[in-house]
Amino acid sequence: MDSSLLHRYRHDRRKLLDFILSSGLIRSSSTSDIDFDSISADYVIECIQSGSGDLDVSKATTKQIDESMYPTMIHSQGGHAFFLLSDPDSAGSPPQHAPPSVEDSYDRQRSSIPVFFPNGSEATVSGHDLEVNRSYAVPSSSKSAKKTDVPSLGLPALRTGLSDDDLRESAYEVLLSCIAFSGISIHSSENSKKDKGSRFLTGLKNRRGKRHLRSHSVENHFEHIDNIRVQMQISEAMDECIRQRLMQFSMRKSHVQFDIPQIVIELLSGIQQNDFLVERSYTQWRKRQANVLEELFSSVNYHEMQELGILLDKIRNPEEWNVIMTPAERAEVLQAIRQVASSLSSKRGSSHIQGGSNYWSAGYHLNIRLYERLLFGVFDILDEDQLIEEHADYLKLVKLTWGTLGITQKMHDVLYGWVLFQQFIETGELQLLDQANLQLQKVLSGSFKEGTEEQCTDSLLCTVADNASEIRLSLVQAIFRAISLWCDSRLHDYHLHFREKPVFFQKLVFMGLTVGTDSSGTDNEVKVRLYVERSLEAACRRIEDTISLISKMEGKHPLALLATEVRVVAEREMSVFTPVLFQWCPDAGVIASVHLHQYYGKKLKPFLENVSLSDDAISVLSAAHNLEHYLIQAFNSKDGENDVGSFFIDEIDFYQIHNISRPIILDWLISQHERIIEWTGRTFHLEVWEPLSNQQKQAASVVEVFRIVEETVDQLFGLSLPMDIAHLQALLSIIFHALDGYLQNLVSQLVDKKHLYPAAPPLTRYKETIFPIVKKQVLDSVILDEEVDEKLKGLTAVKLCVRLNTLEYMQKQIDVLEDGIKKSWASTMVSGNSRDPKLSMGTTDFMQEDSEAVDELFVATFDTIRDSIADSIRKICELVGTRVVFWDLRDSFLSRLYHGSVEGARLENFYPQIDSVLNQVCGLIDDTLRDRVVASICRAALEGYVWVLLDGGPSCAFSDSDITMMEEDLNMLKDLFVADGEGLPRSLVETESKFAHQVLSLFSLDAESVIHMLMMASENMSTGFGSGILGQRSLEDANTLVRVLCHMKDKEASRFLKLHYHLPPSSDYVDSPSNESTPKAAMGAEFLRSASVRWGEKGNTSFRLLKKRFQGGSFRWS
């Protein structure tokens, strides 16, 4: 708890108890005589609840003492719980052995003292909580608590058992004596002191808010000495008695050398029982003084110590001293002791400090402890991690005790540094550590006078245990050793002690190494190596203690968790601790890397002996690989930067994760391959080819397919295992088969567009109908194959557009997928590869792959998929145009345009149907594909227009007067696709419509010119100089020219066709178009594909053969 909060808690507790006792709820003695800190609040509340009405102060005090011996408890319905000072989670596992039995050594007689109040009541209080009359309460010091973690200096033990409180009070008496003998007045009026004391306490309460302000100047010595009293926690009444007696003593013997025995004897003779409120307090005070005398006399081996001990026992014995002995007898005892002190002092007359004496230097262990208590007074009693504002003035007064206590400048510096360091241990205030460092640096600088002063310092010996023996050290050496041992105890586990306070680490390392250098010449680099190794060992032990429990809670393999935790330790080591330790040990990071690598390797080795494909195996191998890579990377960085640690390479026993994980990864990929093909196939067969939304116009199946593929990619690279090109090849094979299978399934649902063209009617010659009632022949139609018909039902324009959008989505996602795999592969290469070729023998030898081979894999996989997608888009785009024009618009466009007459069936009558289809398609198709699809429809529409001109059937015949209207209709059709500049480029539309214009131009010629062109075309075909291309129509094509003659309203053309081709008249047929019709074998196409058709120079044979073919069937051109 913060000291300021503790002080506030104690203050509020006193106020609350005072209010309860004075409220009349319970009868008690005068509250002014009760020490509220020593009574139990629980006991007071129990008395009120029980209604007994009386407070037994002795029982309340006893209960408070008993409660202080045990942890704080919570009395709840669920049972009793108590608070721990330590964290049970970080304390590790409980001990496996039973605790040893111990005896109850608590000395109740020593810790509890009966007190008799003037009103006759009796109470029992603890230790020195009692003060004399007119005293005010002073917070108890925590410095008196035993610091179990601070190493002992090895000073000779105090034979009389003087406590820290005894030493503090005696030290204050010595300080007052020295101040008084220095000529400074220490006695003032009582009221003046009370005012000044209250002002000082007020200043203490407000001191925390102005900690860095300049120390206020002391107005007079009285106020300053009163500040010291408060710091030393001396009651005001006791202080008044001491000051008065010591002031008289200094006035009587102002020019006489004095020592501690003289001070004690003077106080014993001057302070009487009536100066104390209770007799027991006076007895305790007198006993302390006797113990101080005995401690000093026994240190010089006084030969009549037995007789002297009898005298001192008389002082301690309250009955003999207070009751039996008369004042004269007590004076005789003190006089006898004074004579012994004088005789001992006369044997030593030399002094190593000017103005002081050294004949009590044999009691240096007591003197040092007294001086140490004085130095602790520099810390604010209300805020113990801060120095008081007047600490500089305070230390000046403390230095007045040097002559009496035998202190030198060097001793002061080392003791002050030791006190600061102890306070740092207790409070954790970094500023105190810095100040302790400065003090100890003064000692190490060696700027002290040599001679008797130096000899005196070195003669103060301390005995400390070292292994099984004891060693004797000087005071300076003992303090340095104690600080070094404490620093080592923390630095041997710096991961535990400095994890949350790394700023302390550098300062403690500096101090520990500075004061820890001993005469044996221990190298700092060796100590730092020891710090690293032991700290890592301790950190790893803590991880082992908790890893099993964490594994059960999280369901992960212990080795995987262990690797993760070890890496956390390594990262903290490299980022926080290694940069500090590098100053003394350049290869500290290398040592840490090697140590952690070897530690985890020992744990991992048994697991690797029988590893197989499983989730646990993958998690462990992945974690081990990541750990090894990080440690090797840290190893190389430290080795490369500092050019040290290369000799550790032979100590690295690589885990060989690649050799072990390579077949496991391949097995995993093979298992994934089968599952992915199954999943993608099932996803495709469930597809209904509806857009996901207005914004996402692709099918849902392709999104799912890429999700499956990307999830597999993420899982593979998420393994964090070393890979080679074989793993990449297996992954790309999975991706290729998944996407290629999807494309093949998609293409297999399409039909050849030739099935969408209507059956071409038979060729006829134009003849007007004379007798309409005559029975005419009906045009034949062919029923589609059932499989083709079933496919066409699912190939509507809408569903074809969704397929196109799906393919476009695949094109975009292919690029994203390829980039993602390349980045992940590059990252895997970097994370699994080492820049240091020395380590290629280990985990990194498989990473030196040929980048060209990797590039070829990506090209072979993704470029092939891209080509397949592009070819599928081309096929579907052509199919969309053909489907729209020759299937969906067959009845409303092809079968009705110019049917019967041009003027009665012009294009403008069917324009809305075509425009509606275009709007529908443009609303469904992705913007990137819109122009391609519209261009396909435009091409099909113009092809359909030509089909009407050449294959319109017996009901379509055109005269010279129809050509102008037909030209207008063709231009209208072109304008529809140009759409005032918002549609297709006009140049593209003009190119596509070029042949339609050429066909119209043939109809504008007279019949004789067309017949002549036909004869020339027949001649060219017979000689092999025909200009037509197989499967395409042209103006020089005989098939085109014959069909033009068939659809001309011209008697000459009709006569020619009847004479040379014997074609039936158009009046003999009635058109009956059907949506389900499809051509048989197109005669015109068969004709052009037949290699046997060759016309001779005169062309008679070939002409007759051509005539027979025209008479026997119809022609169709695609």
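Keep in mind the model is a prediction, meaning the values are calculated, not measured. (Residues numbered from 1 in each chain as written. Predicted model: local features only at pLDDT ≥ 70, side-chain atom pairs only at ≥ 80, totals over all residues. Heavy atoms only, no water.)

Asks: Would you explain the overall build of the protein in this entry?
Replies: For the protein, the count of helices and strands is 43 helices and eight strands. By residue count, 49% of the 1118 residues in the protein fall in the buried class. Within the protein, residue pairs in contact and separated by at least 24 positions form 77% of the contacts whose partners lie at least 6 positions apart. Of the accessible surface of the protein, which amounts to about 53800 Å², a share of 51% is contributed by carbon and sulfur atoms. (Helix = DSSP H or I, 4+ residues; strand = E, 2+ residues; numbered from the N terminus. Buried < 20%, exposed > 50% of the residue type's maximum accessible area, 1.4 Å probe, protein only. Contact = heavy atoms within 4.5 Å. Areas by Shrake-Rupley, 256 points an atom, 1.4 Å probe, with all protein chains shown as cover.)

Asks: What is the right way to read the nonpolar core from this model?
Replies: In globular proteins that are soluble, nonpolar side chains generally tend to be buried together. If you look at the biggest cluster of nonpolar residues, it comprises 285 residues, and the most contacted ones within it are F421, I821 and F977. Here the element with the most residues in this core is helix 32 (residues 851–888); it accounts for 15 residues. Sequence-distant contacts of F977, defined by excluding residues within four places in its chain, comprise L918, V934, I937, C938, A941, G983, L984 and V989. (Core = buried A, V, L, I, M, F, W, Y, C linked by side-chain atoms within 4.5 Å.)

Asks: How should helix 32 be read in this particular structure?
Replies: What sets the pattern is the α-helix's 3.6 residues per turn: residues three or four places apart point alike. For helix 32, built from 38 residues, the straight-helix expectation of 56 Å at 1.5 Å per residue is met to within 8% by its first-to-last C-alpha distance of 53 Å. The sharpest bend along helix 32 reaches about 25° and sits at T882. (Expected span 1.5 Å × (residues − 1). Bend = angle between axes of the 7 residues up to and from the residue.)

Asks: Before we go on, may I ask you to explain the confidence of the model for the protein in this structure?
Replies: Close reading of the predicted structure is inappropriate where its pLDDT is low. Looking at the protein as a whole, its pLDDT mean stands at 77, while 75% of the residues score no less than 70. Least confident of the elements in the protein is helix 42 (residues 1083–1089), whose mean pLDDT is 33; most confident is helix 29 (residues 725–748), at 93. Confidence over residues 75–80 falls short of pLDDT 50; this stretch has four contacts with residues more than four positions distant or in other chains. This model gives residues 349–359 a pLDDT under 50, and the stretch forms 26 contacts once residues within four places in sequence are excluded. (pLDDT = per-residue confidence, 0-100.)

Asks: Honestly, the environment of V798 in this entry has me stumped. Any pointers?
Replies: One can find V798 in helix 31 (residues 797–832). Between the alpha carbons of V798 and L924 there is a distance of 6.9 Å; along the sequence they are 126 residues apart. Leaving out residues up to four positions away in the same chain, V798 has contacts with Q920 and L924.

Asks: Explain the packing of helix 5 (residues 164–181) against helix 9 (residues 260–270) here, please?
Replies: A packed helix pair is summarised by two numbers, namely the angle formed by the two axes and the spacing between the axes. Two numbers describe how helix 5 lies on helix 9: the axes approach to 10 Å, and their chain directions differ by 100°. Here helix 5 is positioned roughly perpendicular relative to helix 9, judged by the angle of their axes. Contacts from E173, V174 and S177 of helix 5 reach helix 9 at I260, I263 and L267. Broken down by class, the residue content of the contact of helix 5 with helix 9 amounts to four nonpolar, one polar and one charged. (Axes fitted to C-alpha atoms, helices over the stretch in contact; angles between N-to-C directions. Parallel < 35°, antiparallel > 145°, perpendicular 65-115°, else oblique. Nonpolar A, V, L, I, M, F, W, Y, C, P; charged D, E, K, R; others polar.)

Asks: Can you help me understand the packing of aromatic side chains in this one?
Replies: Two aromatic rings are characterised by how far apart their centres lie and by the angle between their planes. Evaluated as defined, the whole model comprises 23 aromatic pairs. Note on F424 and F504: the rings are 5.7 Å apart at their centroids and 50° apart in plane angle, and the pair reads as tilted. In this pair, F424 sits in helix 17 (residues 409–427) while F504 sits in helix 22 (residues 502–516), placing the two residues 80 residues apart along the sequence. When sorted by exposure, F424 lands in the same class as F504, which is buried. Ring plane angle 85° and centroid distance 6.0 Å describe the contact between F706 and Y809, whose orientation is recorded as edge-to-face. Within this pair, whereas F706 is found in helix 28 (residues 700–718), its partner Y809 is found in helix 31, the two being separated by 103 residues in sequence. The ring of W321 has R330 sitting right over it, with the charged end atom 5.9 Å from the ring centre. (Phe/Tyr/Trp six-rings, centres within 6.5 Å; stacked < 30°, edge-to-face > 60°. Lys NZ or Arg CZ within 6 Å of the ring centre and 35° of its normal.)

Asks: Teacher, can you tell me more about the environment of Q233 here?
Replies: Here Q233 is to be found in the loop between helix 7 (221–231) and helix 8 (236–252). Sequence separation of Q233 and D165 is 68 residues, and the distance between their C-alpha atoms is 9.4 Å.

Asks: Is there a simple way to explain the pattern of salt bridges in this structure?
Replies: Using the criterion set out here, one finds 43 salt bridges in the structure. Notably, a salt bridge pairs K556 with E554, separated by 3.9 Å at the nearest N-O pair. By relative accessible area, K556 is classed as partly exposed at 47%. Each of K753, D871, R874, K875 and E878 takes part in one network of salt bridges that share partners. (Salt bridge = Lys/Arg side-chain N within 4 Å of Asp/Glu carboxyl O.)

Asks: Honestly, unusual backbone geometry in this entry has me stumped. Any pointers?
Replies: Both trends apply: most residues other than glycine have a negative phi, and most peptide bonds are in trans. Unlike most non-glycine residues, S720 shows phi in positive territory, near 55°. Within the secondary structure, S720 is located in the loop between helix 28 and helix 29. Take S720: its relative accessible area is 26%, and that puts it in the partly exposed class.

Asks: What exactly am I supposed to notice about the environment of P761 here?
Replies: Here P761 is to be found in the loop between helix 29 and strand 7 (777–778). Using a relative accessible area of 9% as the deciding quantity, one classes P761 as buried. C-alpha of P761 to C-alpha of P954: the two residues are 193 residues apart in sequence and 7.7 Å apart in space.

Asks: In this structure, what is going on with the side chain of Q813? I would like to understand it.
Replies: Position of Q813 relative to the elements: it lies in helix 31. On the basis of relative accessible area, Q813 is assigned to the buried category, the value being 16%. There is a polar contact of 3.4 Å between the side chain of Q813 and the side chain of E710. Every residue in contact with Q813, bar those within four places of it in the chain, is listed here: F706 and E710. (Polar contact = N/O pair within 3.5 Å; in protein donor to acceptor, adjacent residues only side chain to side chain.)

Asks: Is there a simple way to explain the packing of helix 40 (residues 1038–1046) against helix 41 (residues 1051–1061) in this structure?
Replies: Contact geometry of helix 40 with helix 41 gives a least axis separation of 9 Å together with a crossing angle of 125°. As far as their axial angle goes, helix 41 and helix 40 are oblique. Facing V1042, L1045 and C1046 of helix 40, the residues of helix 41 in contact are A1053, F1056, L1057 and Y1061. Residue composition of the contact of helix 40 with helix 41, by class: seven nonpolar, no polar and no charged.

Asks: Looking at this structure, I do not really get the pairing of strand 6 (residues 469–474). What am I missing?
Replies: Taken together, the six bridges between strand 5 (residues 461–466) and strand 6 define a ladder with antiparallel strand orientation. Note on strand 6: the bridge partner recorded for D466 is S469. (Pairing = 2+ DSSP bridges.)

Asks: Would you mind going over helix 15 (residues 391–398) with me for this structure?
Replies: For helix 15, every residue scored as buried is listed here: Y394, L395, L397 and V398. Angular distribution of buried residues about the axis of helix 15 spans 160°; they occupy a single face of the element. Buried positions along helix 15 lie against helix 5, helix 7, helix 14 (364–375), helix 16 (402–405) and helix 17. (Arc of directions from axis to C-beta.)

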